[in-house]
Amino acid sequence: MLSCRRLPFVLSALLLGGCAHVGMDSPSAAGTQAFERAAQQDSMRSECDWRVRYAPVAPADASVAQLQAVATARLAALQLAPAWSLDMSGSEAQTFTDSSEDRAGLQLLLSIVLPAMERYPAGVFARTGLRHVVLVKNLSVEGQRRLAMPAPEIDSVVYADNLLAAMCPSGMELRVHHEYYHFIEYRLFNDFYYRDPAWLALNPPAAVYGQGGATAYGKGFQNLGHPQPGLVSLYAAYGPEEDKAEVFGWMMTPAYAPRLQQWTAFDPALLAKRQALMEVLATLAGSY
């Protein structure tokens, strides 16, 4: 029987299973205003199934050290290692302390990130050169607050608690996969912004991309699903690199995959894009 922790890619059940669980209560935030601001700025709130929750990875009273030990063990099974700080030019983040707020924040972050990484077939991380998962709080990139980012220069992906308790849990999982796909794309083409002619050819004739994903930040942007033929989401329209990462994220996240599959039934361009990324992942997994 397939489990929610590791589902074979070749089966559609990877994406459609009920792998979310009733989880912990939302931890307290630093302040009511900051919490509400984070909730309002969550781009996934309009497309969120708020019934979806993720199981805690440890008892509610677990210390940060105990939570880090859980993460280390589970990532080691994937041949990955955690990192608890970030030192990269243009990026800033804080490490988790053993405060009650940080314990709750790290528990929530791990409850989403760990099962998301465990969904991948064996061998994918090694074949893409991913070695570390950086787990921090209050991440910003060039002054923009982020929940996640790829960091291939340090063989890493970075995931953060930026008042995550205010946000859509499954939306965070979608970001886990989205940012890992940016990492994959960089390793395949040595370029985050490669204009893949094979991908561009899958678009409907009138398709036009925007000026890149960074231009969506700070505008109260809502990432609505399937706004037009060929696009899984509104954010996918910002560039071909975001288009790929969005299809991948929706494909890999159980709370979103059924909608993607439904749309592909009457959207041949989106179906072709989903199939193309399934082939990329299958190739990385060494399944043929």
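Preceding this section is the structure that the text describes.
Keep in mind that what you see is a predicted model, and the values were worked out from it rather than measured. (Residues numbered from 1 in each chain as written. Predicted model: local features only at pLDDT ≥ 70, side-chain atom pairs only at ≥ 80, totals over all residues. Heavy atoms only, no water.)

Trainee: Just to check I follow, could you spell out the state of the cysteines for this structure?
Mentor: Linking two cysteines covalently via their sulfur atoms produces the bond known as a disulfide. One pass over the structure, following the stated rule, counts one disulfide. Paired through a disulfide, C48 and C168 show a sulfur-sulfur distance of 2.1 Å. Looking down the S-S bond of the C48 and C168 bridge, the torsion is 85°, so its handedness is right-handed. Taken together, the residues span a long stretch of sequence, with C48 in the loop between α2 (32-41) and α3 (64-76) and C168 in the loop between β6 (156-161) and α6 (169-189) at a distance of 120 residues. When its relative accessible area of 0% is taken as the criterion, C168 is described as buried. (Disulfide = S-S within 2.5 Å. Helix = DSSP H or I, 4+ residues; strand = E, 2+ residues; numbered from the N terminus. Buried < 20%, exposed > 50% of the residue type's maximum accessible area, 1.4 Å probe, protein only.)

Trainee: What should I look at first to understand helix α4 (residues 100-117) in this one?
Mentor: Since the α-helix packs 3.6 residues into each turn, any two residues three or four apart lie on the same face. With 18 residues, α4 extends 26 Å from end C-alpha to end C-alpha; this agrees with the ideal 26 Å at 1.5 Å per step. Taken across its 18 residues, α4 has 15 buried, putting it largely inside the fold. (Expected span 1.5 Å × (residues − 1).)

Trainee: Where do I start with the packing of aromatic side chains in this structure?
Mentor: A complete count under the given rule lists 14 aromatic pairs for this structure. Measuring from centroid to centroid gives 6.4 Å for F192 and Y193, while their planes differ by 75°, and the two rings are edge-to-face. Of the aromatic side chains, those joined through ring pairs into one cluster are Y120, F125, Y180, Y181, F183 and F248. (Phe/Tyr/Trp six-rings, centres within 6.5 Å; stacked < 30°, edge-to-face > 60°.)

Trainee: Looking at this structure, I do not really get the pairing of β6. What am I missing?
Mentor: Regular strands have side chains that alternate between both faces of the sheet. Counted residue by residue, β6 has six buried out of six residues, so it is predominantly covered. Burial along β6 is two-sided: S156, V158 and A160 facing one way and V157, Y159 and D161 facing the other are all buried. The pairing of strand β3 (residues 132-141) with β6 spans six bridges and is parallel. If you follow V134 over to β6, its bridge partner there is V158. The turn joining strand β5 (residues 148-151) and β6, which pair antiparallel and follow one another in sequence, is formed by four residues; a positive phi near 55° is taken by D155. (Pairing = 2+ DSSP bridges.)

Trainee: I'm lost on the side chain of S111 in this one. Help?
Mentor: Examined against the element boundaries, S111 turns out to sit in helix α4. When its relative accessible area of 2% is taken as the criterion, S111 is described as buried.

Trainee: Honestly, the pattern of salt bridges in this entry has me stumped. Any pointers?
Mentor: Side-chain pairs of opposite charge can arise where the charged atoms are in close proximity. Here the structure, examined in full by the defined rule, presents 12 salt bridges. In this structure, R51 and D49 form a salt bridge, with 2.9 Å as the shortest nitrogen-oxygen distance. Judged by its relative accessible area of 73%, R51 is exposed. R131 is the salt-bridge partner of D155, the closest N and O atoms lying 3.5 Å from each other. Taken together, the positions of D155 in the loop between β5 and β6 and R131 in the loop between α5 (124-128) and β3 put the pair 24 residues apart, joining distant regions of the chain. Overlapping salt bridges, with partners in common, bring together R131, D155 and R187 in one network. (Salt bridge = Lys/Arg side-chain N within 4 Å of Asp/Glu carboxyl O.)

Trainee: Before we go on, may I ask you to explain unusual backbone geometry in this structure?
Mentor: The general pattern is negative phi for most residues beyond glycine and trans for most peptide bonds. In this structure, E142 takes a positive phi of about 50° despite not being glycine. If you trace the backbone, E142 turns up in the loop between β3 and β4 (144-145). Residue E142 is classed as exposed on the basis of its relative accessible area of 65%. The phi dihedral of L163 is positive, around 55°, even though this residue is not glycine. Positionally, L163 belongs in the loop between β6 and α6. Note on L163: relative accessible area 22%, which makes it partly exposed.

Trainee: Could you clarify how one ought to interpret the nonpolar core in this entry?
Mentor: Across soluble globular proteins, you tend to see nonpolar side chains buried next to one another. Counting residues in each nonpolar core, the largest one holds 68 residues, and the members touching the most others are M117, V133, Y159, Y180 and F248. Here the element with the most residues in this core is α4; it accounts for nine residues. In contact with Y180, other than residues within four places in its own chain, are Y120, V124, F125, T128, L130, V157 and Y159. Counting 10 residues, the second-largest nonpolar core is a separate cluster that includes L139, M149, A151 and A160. (Core = buried A, V, L, I, M, F, W, Y, C linked by side-chain atoms within 4.5 Å. Contact = heavy atoms within 4.5 Å.)

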